[in-house]
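What follows is each chain in one-letter form.
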Amino acid sequence: MNSIPTPHIEVKEQGVIAETVLMPGDPLRAKFIAETFLENPVKFNNVRNMFGYTGTYKGKKISVMGSGMGMPSIGIYSYELYNSYGVQNIIRIGSCGAYTDQLDLYDVILASDCWSESSYAKVQSGYDKDVIEATAELNERIIKAAAELEIPLKEGRIHSSDVFYREKFEEFEGIRDEHGCMAVEMESFALFANAKILGKNAACLLTVSDSLVSGEATTSEERQLAFTKMMEIALEMA
Ligand code: HPA
């Protein structure tokens, strides 16, 4: 393991961060999860306001930390957690835009794998394919936890995009049809690439926050509440 603290996480001792970390994009959502669901949450990171907390859930130690938006940001935080703090499992819990009318707002998605046009994995390690799988064992545990909680899950490929605002909005249809992606987000490809190269585990649970097909969207207040289903699944599997 590499020396600590790292440039972006100020924790000076091993054992402060749990083996399993839930990663929402928004650090304030990490705070909300810690304060709502964890017993005795203790904040371990303030650097750049990228808050991280460790507490217990049903007696098990677990951490939750923001990833920021986009592959460069989650690429930095997940690498430091895996490589310097001995983290084994990272479960991203985020939002996504639906690419098909088969998905409704608030549906919960489990990424089997992700397709991306990003150069992240190529630059990071020389990996030159455009699809990376989630860790099968984590996904199996997530599917089991969702079934126990009776929360429907839709499993499939997602698009991990480098761009939120495309000039040619309709291009998403080509990505959906050519690569079989049902929704879009902006982080999983870098997370899965880091897990793969470092021999760690990664998964990605998403809640549909908007639809590129219908134009429907949720407000930020609605999201805060609706996303609890996904958080419960992630906590239960951990
Ligand atoms: N595009 C990219 N990422 C997203 C979206 C989107 O429409 N919605 C939520 N995350």
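Before reading on, note that the structure itself is shown above.
Quick notes on the rules
Residues numbered from 1 in each chain as written. Predicted model: local features only at pLDDT ≥ 70, side-chain atom pairs only at ≥ 80, totals over all residues. Heavy atoms only, no water. Helix = DSSP H or I, 4+ residues; strand = E, 2+ residues; numbered from the N terminus. Rg over C-alpha atoms; globule rule 2.2 N^0.38 Å. Buried < 20%, exposed > 50% of the residue type's maximum accessible area, 1.4 Å probe, protein only. Areas by Shrake-Rupley, 256 points an atom, 1.4 Å probe, with all protein chains shown as cover. Lys, Arg positive; Asp, Glu negative; His and termini not counted. Charge placed at Lys NZ, Arg CZ, Asp CG, Glu CD. Near = heavy atom within 4 Å. Polar contact = N/O pair within 3.5 Å; in protein donor to acceptor, adjacent residues only side chain to side chain. Nonpolar A, V, L, I, M, F, W, Y, C, P; charged D, E, K, R; others polar.

Caption draft 1: Structural view of the overall build of the chain. Within the chain, the regular secondary structure consists of eight helices and 10 strands. Against the 2.2 N^0.38 benchmark of 18 Å for 238 residues, the chain shows a C-alpha radius of gyration of 17 Å, consistent with a compact globule. Dimensions along the principal axes, computed over C-alpha positions, put the chain at roughly 50 × 40 × 30 Å. Each of the 238 residues in the chain was classed as buried or not, and the buried ones make up 54%. For the chain, the computed accessible surface area is about 10900 Å², with 50% contributed by carbon and sulfur atoms. Side-chain charges in the chain split into 22 positive and 35 negative, and the spacing between the mean points of these groups amounts to 6 Å.

Caption draft 2: Structural context of the site of the ligand. The full set of residues close to the ligand is Ser 95, Cys 96, Gly 97, Phe 164, Val 184, Glu 185, Met 186, Ser 209, Asp 210 and Leu 212. A distance of 3.5 Å separates a nitrogen atom of the ligand from a polar atom in the backbone of Ser 95. Residue Asp 210 places a side-chain N or O atom 2.8 Å away from a nitrogen atom belonging to the ligand. Computed on the free molecule, the ligand has an accessible area of 260 Å², of which 89% lies beneath the protein chains in the complex. With three residues, the single largest contributor to the shell around the ligand is strand E5 (residues 89–98). Residues of the shell around the ligand, tallied by class, amount to five nonpolar, three polar and two charged.

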